Amino acid sequence: EDQVTQSPEALRLQEGESSSLNCSYTVSGLRGLFWYRQDPGKGPEFLFTLYSAGEEKEKERLKATLTKKESFLHITAPKPEDSATYLCAVQASTSGTYKYIFGTGTRLKVLA
Amino acid sequence: GAGVSQTPSNKVTEKGKYVELRCDPISGHTALYWYRQSLGQGPEFLIYFQGTGAADDSGLPNDRFFAVRPEGSVSTLKIQRTERGDSAVYLCASSLGTRGDTQYFGPGTRLTVL
């Protein structure tokens, strides 16, 4: 069964304390892996798309990497404004149909 | 440019009533998606439109849920005989072309069924 698992469920960091969020997946026919940021009461905001193992993308303090089984979202020297829920989603292809499966997210709190 | 918009932002209804939720995608996006998100969970896929047709409605939970996109732009999600378990945030997303493209989300409609 196609599955996406994110860990940890919640993470508290001090400002400037770097860390990584994990997204592990078991899907057939991976077409892409997506990272989103979601603030309370808002829709997910697109961050990155990764398509193949070894690929990396960076944006400000965030860097996303992809292997054949998991993706990491590295946060370098986070600031309080980075506090949000980070969602991972994978797009899988099976017999010509596509599925877009989200993980349950990691709730990040960065303390000043 | 304008992003995906959804109306209303909040909807409170009574059990058994009918509701309609509206989504305006990004201009020029041919693909449109509906998701449902419960508290503490990731979005759950409901239905995907390519143009005017529903290309995949496998996520609709039962026949009380229906969605249309008659002119290939605005979409309406319709829920009949609402139940308390339908309470959630309903998210709409659009993408430029095929389902492989990045999806951009609206702010969601929070539905509360009393």
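Here the residue numbers are simple positions, counted from 1 along each chain's written sequence. Both sets of labels track the order of writing: A upward for chains, 1 upward for ligands. It should be noted that, the model being predicted, local features are given only for residues of pLDDT at least 70 and side-chain atom pairs only at 80 or more, the latter also being counted only at that level, while totals for whole chains, interfaces and linings use all residues. Side-chain measures here rest on the full set of heavy atoms in the structure, leaving out hydrogens and waters.

Student: Would you mind going over the pattern of salt bridges with me for this structure?
Tutor: Two side chains of opposite charge can pair, provided their charged atoms sit close to one another. Residue and element names in this part refer to chain B. We count a salt bridge whenever a side-chain nitrogen from Lys or Arg sits within 4 Å of a carboxyl oxygen from Asp or Glu. Under the criterion given, the structure shown has eight salt bridges over all chains. The partner of Asp86 in a salt bridge is Arg64, with the nearest N and O atoms 2.8 Å apart. Of this pair, Asp86 sits in the loop between β8 (75-79) and β9 (88-95) while Arg64 sits in the loop between β6 (53-56) and β7 (65-68); the two residues are 22 residues apart in sequence, bridging distant segments of the chain. Salt bridges here are not isolated pairs; linked through shared partners, they connect Arg64, Glu83 and Asp86. Secondary structure elements follow DSSP: runs of H or I of four or more residues count as helices, runs of E of two or more count as strands, with numbering from the N terminus.

Student: I tried to follow the sheet that holds strand β3 (residues 19-24) of chain B on my own but got confused; where do I start?
Tutor: Note on sheets: strands pair through backbone hydrogen bonds, and any given pair is parallel or antiparallel. Residues and elements named next belong to chain B. An order of β1-β3-β8-β7 is seen for the four strands of this open sheet, with the pairing classed as antiparallel. Strands at the two margins of the open sheet, each flanked by one partner only, are β1 (5-7) and β7. Across the sheet, the mean angle from the axis of one strand to that of its neighbour is 15°, orientation sign disregarded. As paired strands, β1 and β3 are joined by three bridges and run antiparallel to one another. For Gln6, the partnering residue across the bridge sits in β3 and is Cys23. Strands qualify as paired when DSSP identifies two bridges or more between them. What counts as an axis is a line fitted to C-alpha atoms, over the stretch in contact for a helix, and the angles between N-to-C directions run from 0 to 180 degrees.

Student: How should I be thinking about the packing of aromatic side chains in this particular structure?
Tutor: For any pair of aromatic rings, the description rests on two quantities: the centre-to-centre distance and the angle between the ring planes. The aromatic pairing rule takes the rings of Phe, Tyr and Trp, using the six-membered ring of Trp, and pairs them if the centres are within 6.5 Å, calling planes under 30 degrees apart stacked, those over 60 edge-to-face and the rest tilted. Applying the stated criterion across every chain, the model contains twelve aromatic pairs over all chains. Summarising the aromatic geometry, the rings of Phe102 of chain A and Tyr35 of chain B are spaced 5.7 Å apart at their centres and angled 90° between planes, so their arrangement reads as edge-to-face. Of this pair, Phe102 of chain A sits in strand β10 (residues 97-102) while Tyr35 of chain B sits in strand β4 (residues 31-37), each in a different chain. As far as the burial class goes, Phe102 of chain A and Tyr35 of chain B line up, both buried. Three or more aromatic residues joined by ring pairs make a cluster, and in this case those are Phe34, Tyr36, Phe46, Tyr100 and Phe102 of chain A together with Tyr35, Phe45, Tyr104 and Phe105 of chain B. When a residue's accessible area, from a 1.4 Å probe over protein chains only, is under 20% of the maximum for its type it is buried; when over 50% it is exposed; and in between it is partly exposed.

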